[in-house]
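Structure at a glance
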Amino acid sequence: MDSTRRTKVTRMPDIKSQIDALDWNSLGESLSARGYAVTPQLLSRDERAAIIALYHEDSRFRSHIIMERHRFGVGDYKYFAHPLPEIVTAARTAAYPHLAPIANQWVKAFGDKRAPFPADHAAFLKICHRAGQTRPTPLLLHYEAGGYNCLHQDLYGDIAFPLQVVFLLGQPGRDWQGGEFVLVEQQPRAQSKAEIVAAGEGQAILFTTRYRPVKGSRGFYRVNLRHGVSRVRSGTRFTLGIIFHDAK
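Residues numbered from 1 in each chain as written. Predicted model: local features only at pLDDT ≥ 70, side-chain atom pairs only at ≥ 80, totals over all residues. Heavy atoms only, no water.

To continue, consider the environment of serine 63. Looking at the element boundaries, serine 63 is found in strand S2 (residues 61–66). Expressed as a C-alpha distance, the spacing of serine 63 and phenylalanine 80, which sit 17 residues apart in the sequence, is 7.4 Å. Look past the residues within four positions of serine 63 in its chain and what remains in contact with it is Tyr77, Lys78 and Tyr79. (Helix = DSSP H or I, 4+ residues; strand = E, 2+ residues; numbered from the N terminus. Contact = heavy atoms within 4.5 Å.)

Now for the nonpolar core. Within the largest apolar cluster, 45 residues are counted, with the highest numbers of intra-cluster contacts made by Leu99, Phe161, Phe167 and Phe244. Those elements that place two or more of their residues in this core are helix H1 (15–21), helix H2 (24–34), helix H5 (86–110), helix H6 (121–130), strand S7 (163–168), strand S11 (203–208) and strand S15 (237–243). Not counting the four nearest positions on each side in its chain, phenylalanine 244 is found in contact with Arg92, Ala95, Tyr96, Leu99, His121, Phe124, Leu125, Phe161, Leu163, Gln164 and Val165. The next biggest cluster of nonpolar side chains, apart from the first, holds 25 residues, and it includes Leu168, Val197, Val214 and Val232. (Core = buried A, V, L, I, M, F, W, Y, C linked by side-chain atoms within 4.5 Å. Buried < 20%, exposed > 50% of the residue type's maximum accessible area, 1.4 Å probe, protein only.)

Burial runs high along S15: 7 of the 7 residues are buried. Here S15 shows two buried faces, one formed by Arg237, Thr239, Gly241 and Ile243 and the other by Phe238, Leu240 and Ile242. Where strand S5 (residues 139–143) and S15 come together, 5 bridges link them in antiparallel fashion. Opposite leucine 139, over in S15, you have glycine 241 as the bridge partner. Sheet analysis places S7 next to S15, joined by 5 bridges and oriented antiparallel. If you follow phenylalanine 167 over to S15, its bridge partner there is leucine 240. (Pairing = 2+ DSSP bridges.)

Running from N to C, H5 and H6 cross one another at 95°; their axes reach a closest spacing of 9 Å. Taken together, the axis directions place H5 and H6 in an arrangement best described as roughly perpendicular. Judged by residue contacts, Arg92, Thr93 and Tyr96 of H5 engage His121, Phe124 and Leu125 from H6. Taken together, the residues that form the contact of H5 with H6 break down as 3 nonpolar, 2 polar and 1 charged. (Axes fitted to C-alpha atoms, helices over the stretch in contact; angles between N-to-C directions. Parallel < 35°, antiparallel > 145°, perpendicular 65-115°, else oblique. Nonpolar A, V, L, I, M, F, W, Y, C, P; charged D, E, K, R; others polar.)

Attention now moves to helix H3 (residues 45–53). Think of an α-helix as 3.6 residues a turn; residues three or four steps apart then line up on the same face. Buried within H3 we find Glu47, Arg48, Ala50 and Ile51. What you see down the axis of H3 is that its buried residues fit within an arc of 165°, all on one side. Seen from the open side of H3, the exposed residues pointing more than 90 degrees away from its buried face are Arg45 and Asp46. Contact partners of the buried residues in H3: strand S1 (36–41), H5, S5, S7 and S15. (Arc of directions from axis to C-beta.)

Turning our eyes to something else, we now look at the packing of aromatic side chains. Per the stated rule, a full pass over the model turns up 12 aromatic pairs. These aromatic residues form a ring-pair network of at least three members: Tyr96, Phe117, Phe124, Phe161 and Phe244. Above the plane of the ring of phenylalanine 117 lies arginine 114, whose end atom (NZ or CZ) is 3.8 Å from the centre. Above the plane of the ring of phenylalanine 110 lies arginine 222, whose end atom (NZ or CZ) is 4.3 Å from the centre. (Phe/Tyr/Trp six-rings, centres within 6.5 Å; stacked < 30°, edge-to-face > 60°. Lys NZ or Arg CZ within 6 Å of the ring centre and 35° of its normal.)

Here H5 is 25 residues long and its end C-alpha atoms lie 35 Å apart, about the 36 Å a rise of 1.5 Å per residue gives. The sharpest bend along H5 measures roughly 40° and falls at tyrosine 96, with the proline proline 97 sitting one to four residues further on. Phi turns positive one or two residues past the end of H5, at glycine 111, with a value near 75°. (Expected span 1.5 Å × (residues − 1). Bend = angle between axes of the 7 residues up to and from the residue.)

Moving on, we come to the sheet that holds S2. On the basis of which strands lie adjacent, the open sheet formed by 7 strands has the order S1-S11-S7-S15-S5-S4-S2 and antiparallel pairing. The open sheet has two free edges, formed respectively by S1 and S2, since each of these has just one partner strand. Going across the sheet, the axis of each strand differs from the next one's by a mean of 20°, ignoring polarity. Along the sheet, H2 makes contact with S1, S7 and S11, crossing S1 at roughly 145°. Set on the sheet, H5 makes contact with strand S4 (76–80), S7, S11 and S15; between it and S7 the angle comes to about 140°.

A separate point is the pattern of salt bridges. All chains considered together, the criterion is met by 10 salt bridges. For arginine 222, the salt bridge is made with aspartate 112, and the minimal N-O distance between the two is 2.7 Å. Of the two residues, arginine 222 is situated in strand S13 (residues 219–229) and aspartate 112 in the loop between H5 and H6; the sequence distance between them amounts to 110 residues. When its relative accessible area of 35% is taken as the criterion, arginine 222 is described as partly exposed. The exposure class assigned to aspartate 112 is partly exposed, which follows from its relative accessible area of 29%. Where arginine 174 meets aspartate 175, a salt bridge forms, and the shortest distance between an N and an O atom there is 2.9 Å. With a relative accessible area of 30%, aspartate 175 lands in the partly exposed category. One continuous salt-bridge network, built from bridges that share partners, spans Arg48, Arg174, Asp175 and Glu201. (Salt bridge = Lys/Arg side-chain N within 4 Å of Asp/Glu carboxyl O.)

See below:
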């Protein structure tokens, strides 16, 4: 259904201030140590409901992916089209400058010779666009009972920002049962380690897109991470994903 009425999603008056006020030192330490971090609640109930309502407005999206068709899992997700909803742009733009220094620390730890990530998101998007990655990547994910998402990494071209965000648009245990966010880490010459990341409605999970640095006896090495969603036992699960690089 392509509705002619467009749901207006207004951002929280202080969403930038809220993001700026987060304890980024602690969040950065958690990201480096475990590959993820969880924020306090950032989205209000009304905002979460308004974002979910966008799911039925086809004109808001550039692509609709049915996971079963690609063996990605069971469920679906929709990539937003330009212009992005105001709250998505606000959160994406506000979070990036705090994550860029962490990303640059990781680049240095890896010993990469690449240029550092720029300080603001608009400048980073210009790099993506010059590489042919021009399609927006923020997305709305939807699961019903029996749905799940296989382990994966959100890479859409040669340019990839090493961190991303997912907002829970409902409350686990009330709006759905199961459907846990799963992060699996694979270290060299070791068995994989899985972790369930718990969060509540309106909170954001910050996590590693692909690699995080781990210090060994000979310096830092790359640890590979993939993420997914365990099976939803009942209810309906909606989340908002914010990826900072654009796609080809």
